[in-house]
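Descriptive analysis of the structure
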Amino acid sequence: MTAFKEKLDKELGTTPRFSQTLQKSISQQVNQTKLTTRRWQYPLIIIATIVMLFFIIALGPIGRVDQAKNASIVHLAQQETIKKYTMIYNPDEGTFKAGRPGWTIGQRVFELSSEKRILQQLLQQATVTQTYEDNQFKRALRDVWAEFENGQVVKMKMFIEEEIIVIADYNNKSFYKVENRDLAKAYLDLALKDDVEFEMTGLIIFPVIIIAIQMLVEKLMRKKFNIPKDYVNNGHRRTSWIIKTVNIFMLWLFIMKGWIIFTIGIIGILAVMIFSTILIDYYYGREEKRHYLSIASAIVGLLLLILFIFYIS
């Protein structure tokens, strides 16, 4: 027995400070708290993930609005100069995909004077029409987002042929027609020039490359930090598979709704996938450095996504 222990016993005494009944009560409360925490740890993570996903949906692509005045696009083009515009292929008349530069993956941005001049002349020569035969427009169907120098934005759906162009004002639900062969042909050539096309081989090769690189990174990280492959416990397994199921469902929903082409949609769903995975691995396996693996995989995936966006832009 050390001098310090003797002094401590002399000051405090050797009699237990808590009765056996009180010690048992404290022990039961501590164990109950641990049990409750373990019971609710993975449902809370799942609920937080679902809330984040629905928050993204509510404020994401379906909630975006460009403020537009009620002036006709013809009058606007005669009074103001086009600052820039974007264009993207979209055969669905019920949706609009073009937006500000950087908003939609795969859209083209037109800022050259010659490109803006063609659209300006096109809008200036447009005349109001009541009806049109949509079955004759099979060559090029485009969504066009245009911003004028005064800051006003218009959204147009264009049905382009070599001799005639029909323009639908998406905001005001009005139709215009341009019957100028030379101008229509010039704009058709501009619309078809360098148009983004996804070949089937590219769509197959790119996911294979991602999977191969991810497997290589995972193997290197597990070897370097001695990270086991098995789950830490049943809670870790359940949480991981539930989150994977939710993410797969939301990814499928984004693809079916066409939101996957919007930058905000991709960023949002990736943020949920990445942070939910990192959070789970850190919560259950931080002692084994499992979150290092999630962080490394996320970095590699983001870099590959950036390269892919630059490739199709």
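Small disclaimer: the values here were computed from a predicted structure and weren't measured.

Before going further, it helps to spend a moment on the environment of Phe254. Tracing the backbone through its elements, the reader meets Phe254 in helix H7 (residues 234–257). Classification of Phe254 by relative accessible area gives buried; the value is 1%. Residues Phe254 and Gly265, 11 residues apart in the sequence, show an inter-C-alpha distance of 7.7 Å.

Turning our eyes to something else, we now look at the sheet that holds strand E4 (residues 140–148). If you trace the seven strands from one edge of the open sheet to the other, you get E2-E1-E4-E5-E6-E7-E3, paired in antiparallel fashion. Two strands lie at the open edges of the sheet, namely strand E2 (108–110) and strand E3 (127–129), each paired on one side alone. This sheet shows a mean twist of 30 degrees between the axes of neighbouring strands, independent of strand direction. Of the pairings in the sheet, the one linking strand E1 (residues 82–89) to E2 comprises three bridges and is antiparallel in character. Bridge pairing in E2 links Met87 to Arg108. Packed on one face of the sheet, helix H4 (residues 113–124) meets E1, E2, E4, strand E5 (153–160), strand E6 (165–169) and strand E7 (174–178) and runs near 90 degrees to E1.

Right, let's talk about the pairing of E7 for a bit. Across three bridges, the pairing between E3 and E7 is antiparallel. In the sheet register, Thr129 faces E7, and the bridge partner there is Phe175. Both E6 and E7 contribute to a ladder of five bridges, which runs antiparallel. Across the sheet, Val166 pairs through a bridge with Lys177, a residue of E7. Linkage of E6 to E7, two consecutive antiparallel strands, is achieved through a turn of four residues, within which Lys173 is found at a positive phi near 55 degrees.

Reading the values: rules and limits
- Residues numbered from 1 in each chain as written.
- Predicted model: local features only at pLDDT ≥ 70, side-chain atom pairs only at ≥ 80, totals over all residues.
- Heavy atoms only, no water.
- Helix = DSSP H or I, 4+ residues; strand = E, 2+ residues; numbered from the N terminus.
- Buried < 20%, exposed > 50% of the residue type's maximum accessible area, 1.4 Å probe, protein only.
- Pairing = 2+ DSSP bridges.
- Axes fitted to C-alpha atoms, helices over the stretch in contact; angles between N-to-C directions.
- Contact = heavy atoms within 4.5 Å.

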